[in-house]
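Fold and contact review
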Amino acid sequence: MPEGTRTAGNDWINSYLEAILDVGPGLVDDAKSSLLLRERGHFSPTRYFVEEVITGFDETDLHRSWVRAAATRSPQERNTRLENLCWRIWNLARQKKQLEEKEAQRMTKRRLERERGRREATADMSEDLSEGEKGDVVTDVSTHGDSVRGRLPRINSVDAMETFISQQKGKKLYIVLISLHGLIRGENMELGRDSDTGGQVKYVVELARALGSMPGVYRVDLLTRQVSSPDVDWSYGEPTEMLTPLSAEGFEEEKGESSGSYIIRIPFGPKDKYIPKENLWPHIPELVDGALNHVIQMSKVLGEQVGGGKPVWPVAIHGHYADAGDSAALLSGALNVPMLFTGHSLGRDKLEQLLKQGRLSRDEINATYKIMRRIEAEELSLDASEIVITSTRQEIDEQWRLYDGFDPILERKIRARIRRNVSCYGRFMPRMVVIPPGMEFHHIVPLDGDMDGETDANEDHHPTPADPPIWTEIMRFFTNPRKPMILALARPDPKKNITTLVKAFGECRPLRELANLTLIMGNRDGIDDMSSTSASVLLSVLKLIDKHDLYGQVAYPKHHKQSDVPEIYRLAAKTKGVFINPAFIEPFGLTLIEAAAYGLPIVATKNGGPVDIVQVLDNGLLVDPHDQQSIADALLKLVADKHLWSRCRQNGLKNIHLYSWPEHCKIYLSRIASCKARHPQWQRSDDGAESSESDSPNDSLRDIQDLSLNLKFSMDGEKSGISVNESSLESEGSIDRKNKIESAVLAWAKGISRDTRKAGFSEKADHNSSGKFPVLRRRKHLIVICVDCDTITDLIDTTKKIFEATEKERTEESIGYILSTSLTITEIRSFLVSGGLGPNDFDAFICNSGSDLYYPSINLDDRPFVVDFYYHSHIEYRWGGEGLRKTLVRWATSTNDKKGGSEEQIVTSSEQLSTDYCYAFKVQKPAMVTPVKELRKLLRIQALRCHVIYCQNGTRLNVIPVAASRSQALRYLYLRWGVELSKMVVVAGECGDTDYEGLLGGLHKSVVLKGVGSNAISQLHTNGNYPLSDVLATDSPNIVQTTEGCGSDDIRGALEKLEVVKN
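Since the model is a prediction, treat every value here as computed from it, not as a measurement. (Residues numbered from 1 in each chain as written. Predicted model: local features only at pLDDT ≥ 70, side-chain atom pairs only at ≥ 80, totals over all residues. Heavy atoms only, no water.)

For the protein chain, the helix and strand inventory stands at 38 helices and 26 strands. Taking as baseline every contact in the protein chain between residues at least 6 positions apart, the subset at least 24 positions apart corresponds to 72%. (Helix = DSSP H or I, 4+ residues; strand = E, 2+ residues; numbered from the N terminus. Contact = heavy atoms within 4.5 Å.)

Here's what the structure looks like:
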């Protein structure tokens, strides 16, 4: 048989090929063969099957067809069915070739894009390259900045842990974890209830519990979805659940009333339905708003308890999986605090696997799994995260490198520049950190002799009444139960490579004589009840046992409980056995750690996570899973060499604490400490709050060099962010650039200070009847006009309709208005003049697509607008500055050269429309410009983090900070001024700019003006990564749509439905 057939592990292939050969040439040449088959010419089903199908396809469906064909009694009908099956295989083979060709083209394109982006980024970072930046030389420094030895810092003594504890004393850290899908509770977790309630649920609960027990950590909140559905237990509807703390000897310290670890369930999405994770995307903004409300309130409570009256903000927000990563990116941006991310399972990797199977097209995959939205969430998580935590290096090297936002080679270049303290020109790459999952070991009770390895190998291992029942179930298989046990624990899946293990055991006579083999392959009632893939693996195992006459030497029990697994490990250790994981690829290898905790040496695949585990524990051997002889040799070496066995056992028991939760949390907390502390600027402590030196590439954004480059000024003051009707930045020819910048900064700061004093930014000022500035703080409701109209005239008409619809409330001043738009403040002023409106008709102006925030000034004669200086400091995180601007100008030039020729300008930079935090471009031919997803990809490949927004039907491009957006500006108003989001009403068109999807979701209410902005659907959104329907909660009770061509009465009717105004 061909090699591919042997590795596939499906014995039905043998009978299938035999049947094809039995049919012989008549299958093609016989006159009774189908006309279609004869017309297609000579065809060798055997050749196609062996060469094209079994090497790469899941044969489950073919197997079912073959079983039906083989069961047909009539030879003629049997041959006809077999013939059809052969053509089905031929079609699969053809599809596979097409997919492989497309994949090869896509990978080539991606490689070229990466190389080009890397070259351009390196060219911009024009300093001399250091040794760490030169090429792809393999050294002891990994591509992620950690030395191979230093990847997993160790605590080798009690003294070291005591040192860590002493360093943590006095800290009162608040940490927020987010894990949205599945059913999460602290006790009696329903793991395996559905595909969403699995290992991740157990991990996040144990992480929250462990962190809450660590010294220096005051409170941990695990945010998840509140589910009040008759389909699930009532406990998932409880808003708060306190997690029982771990036993943390030596960690005891005084705690307060709100300290500890909690599960906080936030309602979002359908209130009475438990929905799968693929359907959660439209409801993410609602979760973010609810989480923001909880964190703000909790920060105030903690401030009263341990913060001396000042809010205690989270030191980090940690998202788990793509949906929570998306949420954490928005929440950390709204709060201006560091973000961490753990992917658990990555969308690009899953997409690659599904495409390789060839069963579903890309569109079908997206429709089923919403995979493109998931991938975009993971890319956004890379944009926003300080640190990405992985379980293994394999996840970094083989999965994360598939993403636009992470390039290990470019990361090394950036990190080398940071070590040399030179500018990275606005480029950022998140820090990849390997921290294996923690485990609980306190419940493991060693057998006698476990620690010294002196268990008598000749001890009689016949079962006794005191032995666990699973021991009896296993040992009944063995003729000689005294022999050491080789233990494998894996489901019967071809990827787990169990058949190769059985072959290795069966064909190595010395190994058979020295040891027994135990295969724990899940639970089964009958082979016929198993899935065809699992059944074929089990049948292969049984045939190999028969072939090599392994009866009495191999155990394969049908049933075991989860609670039996520790006893199985203990039995293997008692017999001086070995644990093996021979999988072709093992992402992590949790069973290897469990086995080591019970004193078992290990043999493991060299592909994936086991490499790190064996390196850290030093308790076993790595093997090539495809090399049968290598597997047999490693097992024989450990079983035969008792000194080696004892040494591996003792090393595993000695080092296993490196995979404990306290060790995991120690590394975790040390990584958080390496992030620069960030929190809302206007509430920053003046007493010299503790800060730590960061090792993340985002430090380059704060370089003085970048700061000077970022400050560009225009004569109307727009670049400086000050009033539009006077500027203190008029240049003088005798002043050089440096002095000009220094003068500008001083003038800017003084102007802001003067404006804030005039406008009453101090809460103690009493410039209006309520004593509150800005006036939006005293409104009962705020209407946020986010209508993206084609012209200023259309925007004026829509605004006046909204004013007319709420004339009564406007007169009473119970309703205020915010204009949220892509326009600059200069254009807004023209809009006000043209419409006969004044600045005081609005309470705030969110302009430049959310990168600038203004309020109407108290003294309109002097300055009509006051800029919110703190908003700029709130969104500046990772803003690319001059490095980003240069890249965008280069892109515009390239676009014009490629598509416009020498005379035509498709896209041009606009200094007049640009500000410090918004680079604007005019687009003359929207149909010929790069789609938003491609431009975003280009910038991510160069490690530039920003939002790319096409506005005004594609005639303008705004590029703003990744932390800024029109929706995030509303959250800022809540954070800054306490304006509740539930009191806001967003009025938007049927579609709009490419940031439209962020406007409708959340706690605020929305009115959609049907027909307005509908042109943007075809012009701006058809080339998106995913359809808008995947992310818009159109069935939400908070969203009301008007009729087409609506007037003021229709708008008022919609507001009445939302209970914003009364009839």
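With that settled, consider the sheet that holds strand E14 (residues 620-623). The 6 strands are arranged E11-E10-E9-E12-E13-E14 in an open sheet whose pairing can be described as parallel. Of all strands in the sheet, those bounded by a partner on one side alone are strand E11 (554-555) and E14. Sheet topology note: the strand E12 (residues 578-581)/strand E13 (residues 602-605) ladder contains 3 bridges and is parallel. Looking at the pairing, Asn581 lines up with Ala604 of E13. Here helix H24 (residues 628-640) sits on the sheet and contacts strand E9 (485-489), E12, E13 and E14; the angle it forms with E14, its principal contact strand, is near 170°. (Pairing = 2+ DSSP bridges. Axes fitted to C-alpha atoms, helices over the stretch in contact; angles between N-to-C directions.)

There is a patch of like positive charges on the surface, built from Arg116, Arg119, Lys898 and Lys899. Of all the secondary-structure elements, those providing two or more residues to the positive patch are helix H7 (75-124) and helix H33 (881-900). Mapped onto the fold, Arg116 is located in helix H7. A relative accessible area of 41% places Arg116 in the partly exposed class. (Patch = residues over 30% accessible without salt bridge, like charges linked within 9 Å, V, L, I, M, F, W, Y side chains within 5 Å. Areas by Shrake-Rupley, 256 points an atom, 1.4 Å probe, with all protein chains shown as cover. Salt bridge = Lys/Arg side-chain N within 4 Å of Asp/Glu carboxyl O. Lys, Arg positive; Asp, Glu negative; His and termini not counted. Charge placed at Lys NZ, Arg CZ, Asp CG, Glu CD. Buried < 20%, exposed > 50% of the residue type's maximum accessible area, 1.4 Å probe, protein only.)

Another aspect to go through is the side chain of Asp868. Topologically, Asp868 is positioned in the loop between strand E19 (865-867) and helix H32 (869-875). Salt bridges are absent for the buried Asp868, whose nearest opposite-charge side chain, Arg976, sits at 4.4 Å. Side-chain polar atoms of Asp868 contact the side chain of Tyr972, separated by 3.0 Å. In contact with Asp868, not counting residues within four places along its chain, are Leu853, Tyr855, Tyr972, Arg976 and Trp977. (Polar contact = N/O pair within 3.5 Å; in protein donor to acceptor, adjacent residues only side chain to side chain.)

The next thing to look at is unusual backbone geometry. Its identity is not glycine, yet Asn188 carries a phi of approximately 50°, on the positive side. Position of Asn188 among the secondary structure elements: in the loop between strand E1 (173-178) and helix H9 (199-212). With a relative accessible area of 65%, Asn188 lands in the exposed category. With a phi angle near 65°, Arg878 is a residue other than glycine that sits in the positive phi range. Following the sequence through the fold, Arg878 ends up in the loop between H32 and H33.

This part is about the environment of Gly506. Position of Gly506 relative to the elements: it lies in helix H18 (residues 498-506). By relative accessible area, Gly506 is classed as buried at 4%. Along the sequence, Gly506 and Ala632 sit 126 residues apart, while their C-alpha atoms lie 9.3 Å from each other.

Below, the discussion takes up the pattern of salt bridges. Applying the stated criterion to the full structure yields 42 salt bridges. When the shortest N-O distance is used, the salt bridge between Glu206 and Lys202 registers 2.9 Å. Pair noted here: Glu206 and Lys202 are both in helix H9, with a separation of 4 residues, about one helical turn. Lys202 gets classed as partly exposed once you look at its relative accessible area, which sits at 36%. Note that Arg956 and Glu827 form a salt bridge whose closest N and O atoms lie 2.5 Å from each other. Remark: Glu827 occurs in helix H31 (residues 825-834) and Arg956 occurs in strand E23 (residues 956-961); sequence separation between them is 129 residues.

Attention shifts here to the nonpolar core. In this structure, Ile178, Leu335, Trp400, Leu884, Leu957 and Leu973 are the most contacted members of the largest nonpolar core, which totals 127 residues. Setting aside anything within four residues of it in sequence, one finds Leu957 in contact with Trp891, Tyr919, Ala920, Phe921, Val923, Leu935, Val948, Ile949 and Tyr950. Counting 72 residues, the second-largest nonpolar core is a separate cluster that includes Leu517, Met521, Ile602 and Leu638. (Core = buried A, V, L, I, M, F, W, Y, C linked by side-chain atoms within 4.5 Å.)

What follows concerns the pairing of E14. Of the strand pairs in this sheet, E13 and E14 are connected by 4 bridges, and their pairing is parallel. Paired with Thr605 across the bridge in E14 is Val623. Handedness of the crossover joining E13 and E14 through helix H23 (residues 610-617): right-handed. (Right-handed = clockwise from strand over helix to strand, strands pointing away.)

Overall, mixed pairing links the 8 strands, which are arranged E19-E18-E17-E16-E15-E24-E25-E26 in an open sheet. A single partner strand is all that each edge strand has here, and the edge strands are E19 and strand E26 (1039-1041). For this sheet, the mean angle separating the axes of adjacent strands, direction not counted, is 25°. Pairing geometry for strand E24 (residues 984-989) and strand E25 (residues 1005-1009), over 5 bridges, is parallel.

It is worth spelling out helix H35 (residues 966-977) at this point. If you check H35, its first and last C-alpha atoms are 16 Å apart, about what 12 residues at 1.5 Å a residue would give, namely 16 Å. Counting buried residues in H35 gives 12 out of 12 residues, a clear majority hidden from the surface. Where H35 is concerned, the buried positions are Arg966, Ser967, Gln968, Ala969, Leu970, Arg971, Tyr972, Leu973, Tyr974, Leu975, Arg976 and Trp977. Among the residues trailing H35, Gly978 stands out with phi positive, at a value near 75°. (Expected span 1.5 Å × (residues − 1).)

Inspection of every chain in the model, using the stated rule, returns 18 aromatic pairs. Seen from their ring centres, Phe845 and Phe865 are 5.3 Å apart, and the 90° between their planes marks the pair as edge-to-face. A residue pair is termed long-range when its members are at least 10 positions apart, and Phe845 in strand E17 (residues 844-847) and Phe865 in strand E19 qualify at 20 residues. Its relative accessible area of 0% is what places Phe845 among the buried residues. Pairing Trp879 with Tyr917 gives two aromatic rings, centres 6.4 Å apart and planes at 35°, and the pair type is tilted. Here Tyr917 lies in the loop between strand E20 (907-909) and strand E21 (919-923) and Trp879 lies in the loop between H32 and H33, a separation of 38 residues in the sequence. Accessibility assignment for this pair places Trp879 and Tyr917 in one class, buried. Cluster of aromatic residues (ring-pair linked, three or more members): Phe803, Tyr817, Phe831, Phe842, Phe845, Tyr854 and Phe865. For the cation-ring pair, Arg348 lies above Tyr403, with the distance from its terminal atom to the ring centre recorded as 5.2 Å. (Phe/Tyr/Trp six-rings, centres within 6.5 Å; stacked < 30°, edge-to-face > 60°. Lys NZ or Arg CZ within 6 Å of the ring centre and 35° of its normal.)

Once that is clear, we can look at the environment of Asn958. Topologically, Asn958 is positioned in strand E23. Look at Asn958 and you get buried, because its relative accessible area is 1%. Separated by 11 residues in sequence, Asn958 and His947 place their C-alpha atoms 8.2 Å apart. Setting aside residues no more than four positions away along its own chain, Asn958 makes contact with Ser822, Asn848, Ser849, Cys918, Tyr919, Ala920, His947, Val948, Ile949 and Cys951. Engagement of the side chain of Asn958 in a polar contact is seen with the side chain of Ser849, the distance being 3.0 Å.

We now examine the packing of helix H11 (residues 321-335) against H35. Interhelical geometry of H11 versus H35 gives an angle of 50° and a closest axis separation of 9 Å. Here H11 is positioned oblique relative to H35, judged by the angle of their axes. Here the hand of the crossing between H11 and H35 comes out right-handed. Contacts between H11 and H35 involve Leu330, Gly333, Ala334 and Leu335 on the former and, on the latter, Gln968, Arg971 and Leu975. The residue inventory of the contact of H11 with H35, partitioned by class, reads 4 nonpolar, 2 polar and 1 charged. (Parallel < 35°, antiparallel > 145°, perpendicular 65-115°, else oblique. Left-handed = near helix turned anticlockwise from the far one by under 90°. Nonpolar A, V, L, I, M, F, W, Y, C, P; charged D, E, K, R; others polar.)

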